[in-house]
Amino acid sequence: MSDQKPILEFRDINTHYGAVHILKEVNLAIYPGEMVCLLGGNASGKSTTLKTLLGMVTPTSGEVVLDGEVVNDKPTSYRVERGITMVPENRRLFKRLSVLENLQLGAYLRTDKDGVERDLERIYSMFPRVKERLSQKAGTLSGGEQQMVAMGRALMADPRVLLMDEPSMGLAPSLVRTNFELIQQIHEEGIAIFMVEQNANMALSLADRGWVLQTGRVVLDDTADALLANPELRKSYLGEA
Amino acid sequence: MTTTAELVTKGAFDLDWRKVARLGGLTALGLVFIALAGMPVGLDSRILIEKYLSLGYVSLLWLSLIMGWLMGKETLLEGMTATRKSSRDAVGGACVGALGGLGLAILGLLINTFDLRDPLVNWSPQTLDILTFGGGVGVVVVWIPICAALGAVGGALHLAPPKVAKATIAAILTVLMTAIFATFIVDVVSPLDFLYSKNRELKLGWALVLAAVAVGFVFSGGGQQLARVKADYHNTTGPAKTRQTAALIVVSAAVLIIIPQVAGKITQELMANIGIFLLLALGLNIVVGMAGILDLGYVAFFAVGGYTTAVLTSPNRGEDWPGWFPTLPWWGALMVTVVVASLVGLFIGAPVIRMRGDYLAIVTLGFGEIIRILFLSDWLNGYFNGAQGITNVPPADFGVFEVKGTDPRSVFYLVLVFAALSIYVSWRLEHSRLGRAWMAVREDESVAEAMGINTVNVKLAAFVVGAILASFSGAIFAAKVGSIFPTSFLILVSIIILVIVIVGGMGSILGVIAGSVVLVGILGGPKQPGLLQEFSQYKLLIYGALLVWMMLQRPEGLVPNVRRTRELHQDEFLQDAWLKGQVDTGEEEPAVEGGEVR
Ligand SMILES: Nc1ncnc2c1ncn2[C@@H]1O[C@H](COP(=O)(O)OP(=O)(O)OP(=O)(O)O)[C@@H](O)[C@H]1O
Ligand SMILES: [Mg+2]
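K.L.:
Go over the overall build of chain B, please, and point to the residues and values.
P.N.:
Looking only at helices and strands, one finds 26 helices and six strands in chain B. Against the compact-globule benchmark of 25 Å for 598 residues, chain B has a radius of gyration of 28 Å, which places it among compact chains. In terms of overall dimensions, chain B has C-alpha extents of about 85 × 80 × 50 Å along its principal axes. The burial tally for chain B puts 47% of its 598 residues in the buried class.

Put into structure tokens, the structure is as follows:
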């Protein structure tokens, strides 16, 4: 991977909400086509990391770098246009809009009509269930279906990097596995995945590399295998005594 | 809804007494409230049926009928036992009515004994007089049998064959409507004059004939045919539907063009007022209904439209305008007005738009007032003449015809053109990329941002489009009224437009049209009379009652936006689906397996 340039990078990022210091000197890099995961306890700043990557939160110091360009003061739309997309925490579909409208909104910034059509077809073949329910209001879908639409909506932006905030949260245990298979499948299409997860075991077994965040600081940064083997991590995150 | 609920038979007096007490108490409270609000006295001079019935008495009679009907109404759910309809329903209705009548009787006796006229203006001999039909105090007790009888009729509607019940309701409504809308009916179709006496009071003989016609219509199956035509239209799809819709639009347009030709001034004036408020409501519908920005100061843009047009066209515009400042014809002023309104929209919108929900509502409320007070202020007196306003706004001159207030028909045609334009624009916007972005922002602003939508710009766009539509309305208003005063732009205007949008069904264009017709046409605008002129002093009371009832019973509005209906009535949908045995509650998802996903 290191022969390539990273798509997205954090260089010594600090973020504040008001006076509260959330992210502290965080460094990250996401390379094309890889799958990485960010672990950490509640309120450690994982969602904030994603929002800062996408530009919905502006860092107080440090640099967010996209394709070698510092994009600190560029709006979210600039980053979405350049292939960064997020599947938000809890899916957050537009509940009163139809499934199709949700998907179309994912492609909001795209101007290539043919490409959008093609991607719609691709999503229909990926999720046949979604195709059956195009005119249904997204809020009336089941949890599993909502997850598919949320991923479909993100894919409609034709991303290079997919940021996923706890994709298995709130899913029935039987669906969690399916869900990870889906993510794997998307990854195999060459899309880089940056995943925030509480389910560390599952996430690490798929990912190439990972970071562990503790109260806003990166405390571990290693390959997934090394993290899986790390005794401290096993203790605190993988539920081993 | 047919259920498998078990039917049980109950004795005539085996009633749910708590429900009787609740509904009876409500009836009594309602009647006392109506009496003390002054409706019986105020509306007594409006005779509906010559010699027999005044609107004042109708205001006291209708409630028992409806409450009696509600008494017999049951909500049936699967597994519950249902009661077989029997004379019990009529008895229940009668009890409810009797309690209501008792309330009125007690009120009469109290008015006779105590004097509370100081806080309650209508605690008066006149009220007592109406309650006793001009007889002695003791006569008030006849309200008990009267209301009981009405309640019994209401309850009995449940056991009558459906056709009989429908025919009864149709007859009552036909007669009442014909009587109440007398002025309007004669204004539109003057030959119908013969139905009424000199003072536009319906003649008893004709009232009976009308009732008979209504009954005949129901029994000949006329209602069903109408319903069938409607259902057919709903079920057609594809090009056939487009054709039918197009035909419908052409026919409505033709009707709208022809009516003012045949109808009199009252109708023309009414239609012009409806149009002016429709334009405003269409604009606010974009802001509130589509983009979800609760703007309570929308009247500001109406005022800006009105004042800009007045300043640019009137010779009386205030002395401090520089000499080079032009005087333009109306359509020239309109162009400038649109630009000014957009700029004001941007100017007000920019700081406000970053706020959310409640804060935004309060701040816009403030801006609405600030704009009016600026026009009123001494500081700008040299430009806008303060409270004197700007008079002598000339008619809008289009060469071939002039639009002026004394010719409401011309105003209506002008409004019609702008309304058609605005409806078209709203409709196109709703299905455009921008419209979709508005809805996304309304649904979930931060996710919309994550999709790459520039939420600030998108919301500003809604604000500006809304401002432009309101300024059209203001410009036409200026030409119509011929003068512009700060008092034409009270906060009440904002509220009434918002009520139109809510009652019509947020985000639904048809709903906004229906809302304008019903509210402005029937009840009237803030200062403009509606069809029910007699009710104008109770206008706000009725608006309020309507809004409350709407929120409780039909939160989706009169003509709902399909999108919202589902969400708001989800429980009922689920219940229906469950009863039909097609459970899909959207909660559990056992069916998604790996195989399906791949
Ligand atoms: N908009 C905000 N304003 C103020 N504080 C915030 C805001 N958003 C998040 N925070 C705070 O920042 C801290 C980090 O939040 P963040 O959402 O990044 O945590 P997280 O790691 O995603 O937690 P979880 O696993 O529970 O989702 C929390 O203490 C939270 O309360
Ligand atoms: Mg989080």
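From this point, things continue past the structure.
K.L.:
Outline the overall build of chain A, supporting the account with residue identities and numerical values.
P.N.:
A count of helices and strands for chain A gives 10 helices and 10 strands. For chain A, the C-alpha radius of gyration of 18 Å lies close to 18 Å, the compact-globule estimate for 241 residues. Dimensions along the principal axes, computed over C-alpha positions, put chain A at roughly 45 × 45 × 40 Å. Taken across its 241 residues, chain A has 59% of its residues classed as buried. Nonlocal contacts in chain A, meaning residues at least 24 apart in sequence, comprise 69% of its contacts between residues at least 6 apart. Carbon and sulfur atoms form 47% of the exposed surface of chain A, whose accessible area is close to 9900 Å². Where the 27 positive side-chain charges of chain A centre and where its 32 negative ones centre are 6 Å apart.

K.L.:
Just give me the short version of the packing of aromatic side chains, but keep the residues and values in it.
P.N.:
All names here are of chain B. Applying the stated criterion across every chain, the model contains 24 aromatic pairs over all chains. Summarising the aromatic geometry, the rings of Tyr307 and Phe375 are spaced 3.8 Å apart at their centres and angled 10 degrees between planes, so their arrangement reads as stacked. Placement of Tyr307 in helix α13 (residues 299–313) and of Phe375 in helix α15 (residues 357–376) is noted, with a sequence separation of 68 residues between them. Among the residues examined, Phe375 registers a relative accessible area of 10% and is labelled buried. Pairing Trp330 with Phe398 gives two aromatic rings, centres 5.8 Å apart and planes at 65 degrees, and the pair type is edge-to-face. With a gap of 68 residues between them, Trp330 in helix α14 (residues 330–352) and Phe398 in the loop between β5 (396–397) and β6 (402–403) connect regions that are remote in the sequence. We classify Trp330 as buried; its relative accessible area is 4%.

K.L.:
Give me a nonpolar patch on the surface: which residues, what numbers.
P.N.:
Judged by side-chain polarity, Leu99, Leu102, Ile106, Leu110, Phe114, Leu116 and Leu120 of chain B come together as a nonpolar surface patch covering roughly 540 Å² of accessible area. Turning to its location among the elements, Leu110 of chain B is positioned in helix α4 (residues 87–113).

K.L.:
Requested: an account of the layout of surface pockets, with residues and values cited.
P.N.:
Residues and elements named next belong to chain B. For the second largest pocket, the calculated volume is near 2100 Å³. Along the walls of the second largest pocket sit 47 residues, with Trp62, Leu63, Ile66, Leu173 and Leu176 positioned nearest its centre. Going through the elements one at a time, α1 (17–36), α3 (55–72), α7 (162–180), α9 (204–219), α22 (509–523) and α23 (539–553) are the ones with two or more residues in the lining of the second largest pocket. In terms of residues, the lining of the second largest pocket owes the most to one element, α3, which gives 11 residues. Among the residues making up the lining of the second largest pocket, the classes are represented as 45 nonpolar, two polar and no charged.

K.L.:
Explain the sheet that holds strand β2 (residues 20–30) of chain A to me, using residue names and the numbers behind them.
P.N.:
Residues and elements named next belong to chain A. If you walk across this open sheet you meet the four strands as β2-β1-β4-β5, and the pairing is antiparallel. In this open sheet, the two strands that pair with only one neighbour each are β2 and β5 (69–70). Strand direction decides the pairing type here: strand β1 (residues 8–17) and strand β4 (residues 61–66), joined by five bridges, are antiparallel. Counterpart to Phe10 in the pairing with β4 is Val64.

K.L.:
Go over unusual backbone geometry, please, and point to the residues and values.
P.N.:
Comment: phi is negative for the bulk of residues other than glycine, and the bulk of peptide bonds are trans. Phi is positive for Asp67 of chain A, close to 50 degrees, though the residue is something other than glycine. On the secondary structure map, Asp67 of chain A appears in the loop between β4 and β5.

K.L.:
How would you sum up the site of ligand 1? Please name residues and give values.
P.N.:
Residue and element names in this part refer to chain A. Surveying the vicinity of ligand 1 reveals 13 residues, the closest of which are Asn42, Ala43, Lys46, Ser47 and Thr48. Here an oxygen atom of ligand 1 sits 3.2 Å away from a polar atom, N or O, in the main chain of Ser44. Here Lys46 contributes a side-chain N or O atom positioned 2.6 Å from an oxygen atom of ligand 1. Protein chains shield 59% of the accessible area of ligand 1, which is 640 Å² for the free molecule.

K.L.:
Describe the sheet that holds strand β8 (residues 192–197) of chain A, with residues and values.
P.N.:
Residues and elements named next belong to chain A. Spatial ordering of the open sheet is given by β6-β7-β8-β3-β9-β10, a layout of six strands whose pairing is mixed. Looking along the sheet, the strands with just one partner apiece sit at the ends: β6 (84–87) and β10 (217–223). For this sheet, the mean inter-axis angle between neighbouring strands, taken without regard to orientation, is 15 degrees. Pairing between strand β7 (residues 161–165) and β8: five bridges, direction parallel.

K.L.:
Tell me about helix α21 (residues 491–504) of chain B, and please be specific about residues and values.
P.N.:
Residue and element names in this part refer to chain B. Helix length check: α21 (14 residues) gives 20 Å between terminal C-alpha atoms against 20 Å at 1.5 Å per residue, within 8%. With respect to burial, α21 is a largely interior element, 11 of its 14 residues being buried. Along α21, the residues classified as buried are Val493, Ser494, Ile496, Ile497, Leu498, Val499, Ile500, Val501, Ile502, Val503 and Gly504. For α21, the elements touching its buried residues are α12 (265–290), α13, α22 and α23. Taken from the residues just after α21, Gly505 is the one with a positive phi, measuring 120 degrees.

K.L.:
A description of the confidence of the model for chain A should follow, citing residues and the corresponding values.
P.N.:
Per-chain confidence: chain A averages 86 in pLDDT, with 96% of residues scoring 70 or above. Within chain A, β7 of chain A carries the highest mean pLDDT (92), whereas helix α10 (residues 231–236) of chain A carries the lowest (74).

K.L.:
Before we move on, could you go through helix α20 (residues 455–481) of chain B and cite the residues and values that matter?
P.N.:
Residue and element names in this part refer to chain B. With 27 residues, α20 ought to run about 39 Å at 1.5 Å a step, and its terminal C-alpha atoms sit 39 Å apart, in line with that. The element α20 is extensively covered by neighbouring structure, given that 22 of its 27 residues are classed as buried. One or two positions beyond α20, positive phi appears at Gly482, with a value near 85 degrees.

K.L.:
Just give me the short version of the nonpolar core, but keep the residues and values in it.
P.N.:
Core analysis: the biggest nonpolar cluster contains 180 residues, and Leu163 and Phe194 of chain A together with Trp330, Trp438, Ile453 and Ile476 of chain B have the highest contact counts within it. In terms of residues, this core owes the most to one element, α12 of chain B, which gives 16 residues. Three or more residues apiece are contributed to this core by two domains, here domain 1 (4–159) and domain 2 (263–517) of chain B. Ignoring sequence-local partners within four residues, the contact set of Phe194 of chain A consists of Leu28, Ile30, Val36, Leu38, Thr49, Leu50, Leu53, Leu162, Leu163, Met164 and Trp211 of chain A. Grouped together as the second largest cluster of nonpolar side chains are 46 residues, Leu39, Val87, Val116 and Leu162 of chain A included.

K.L.:
Just give me the short version of the pattern of salt bridges, but keep the residues and values in it.
P.N.:
All names here are of chain A. Throughout the structure, instances matching the rule amount to 20 salt bridges over all chains. Between Arg122 and Glu189 there is a salt bridge whose closest N-O contact spans 2.7 Å. With a gap of 67 residues between them, Arg122 in helix α4 (residues 113–126) and Glu189 in the loop between α7 (173–188) and β8 connect regions that are remote in the sequence. On the basis of relative accessibility, which here comes to 40%, the residue Glu189 falls in the partly exposed class.

K.L.:
Please provide a residue-by-residue account of the pairing of strand β9 (residues 209–214) of chain A, values included.
P.N.:
Side-chain direction in a regular strand flips from residue to residue, so the side chains alternate between the two faces of the sheet. Residue and element names in this part refer to chain A. Where strand β3 (residues 35–40) meets β9, five bridges bridge the pair, whose relative direction is parallel. Its bridge partner lying in β9, Cys37 is registered against Gly210. Remark: two residues form the turn of the hairpin made by β9 and β10, two consecutive strands paired antiparallel; Thr215 in that turn has positive phi of roughly 35 degrees.

K.L.:
Any details on the side chain of Arg96 of chain A? Residues and values, ideally.
P.N.:
Mapped onto the elements of the fold, Arg96 of chain A is located in the loop between β6 and α3 (99–106). Polar side-chain contacts of Arg96 of chain A include one of 2.9 Å to the side chain of Glu443 of chain B.

Rules of the game
Residues numbered from 1 in each chain as written. Chains lettered and ligands numbered in written order. Predicted model: local features only at pLDDT ≥ 70, side-chain atom pairs only at ≥ 80, totals over all residues. Heavy atoms only, no water. Helix = DSSP H or I, 4+ residues; strand = E, 2+ residues; numbered from the N terminus. Rg over C-alpha atoms; globule rule 2.2 N^0.38 Å. Buried < 20%, exposed > 50% of the residue type's maximum accessible area, 1.4 Å probe, protein only. Contact = heavy atoms within 4.5 Å. Areas by Shrake-Rupley, 256 points an atom, 1.4 Å probe, with all protein chains shown as cover. Lys, Arg positive; Asp, Glu negative; His and termini not counted. Charge placed at Lys NZ, Arg CZ, Asp CG, Glu CD. Phe/Tyr/Trp six-rings, centres within 6.5 Å; stacked < 30°, edge-to-face > 60°. Patch = residues over 30% accessible without salt bridge, like charges linked within 9 Å, V, L, I, M, F, W, Y side chains within 5 Å. Salt bridge = Lys/Arg side-chain N within 4 Å of Asp/Glu carboxyl O. 1 Å grid on protein atoms, 1.4 Å probe; cavity = no way out; pocket = protein on both sides within 12 Å on 5 of 7 lines; lining within 4 Å. Points joined across faces, edges and corners; volume = space filled by probe spheres on them. Nonpolar A, V, L, I, M, F, W, Y, C, P; charged D, E, K, R; others polar. Pairing = 2+ DSSP bridges. Near = heavy atom within 4 Å. Polar contact = N/O pair within 3.5 Å; in protein donor to acceptor, adjacent residues only side chain to side chain. Axes fitted to C-alpha atoms, helices over the stretch in contact; angles between N-to-C directions. Expected span 1.5 Å × (residues − 1). pLDDT = per-residue confidence, 0-100. Core = buried A, V, L, I, M, F, W, Y, C linked by side-chain atoms within 4.5 Å. Domains from an automatic or database assignment.

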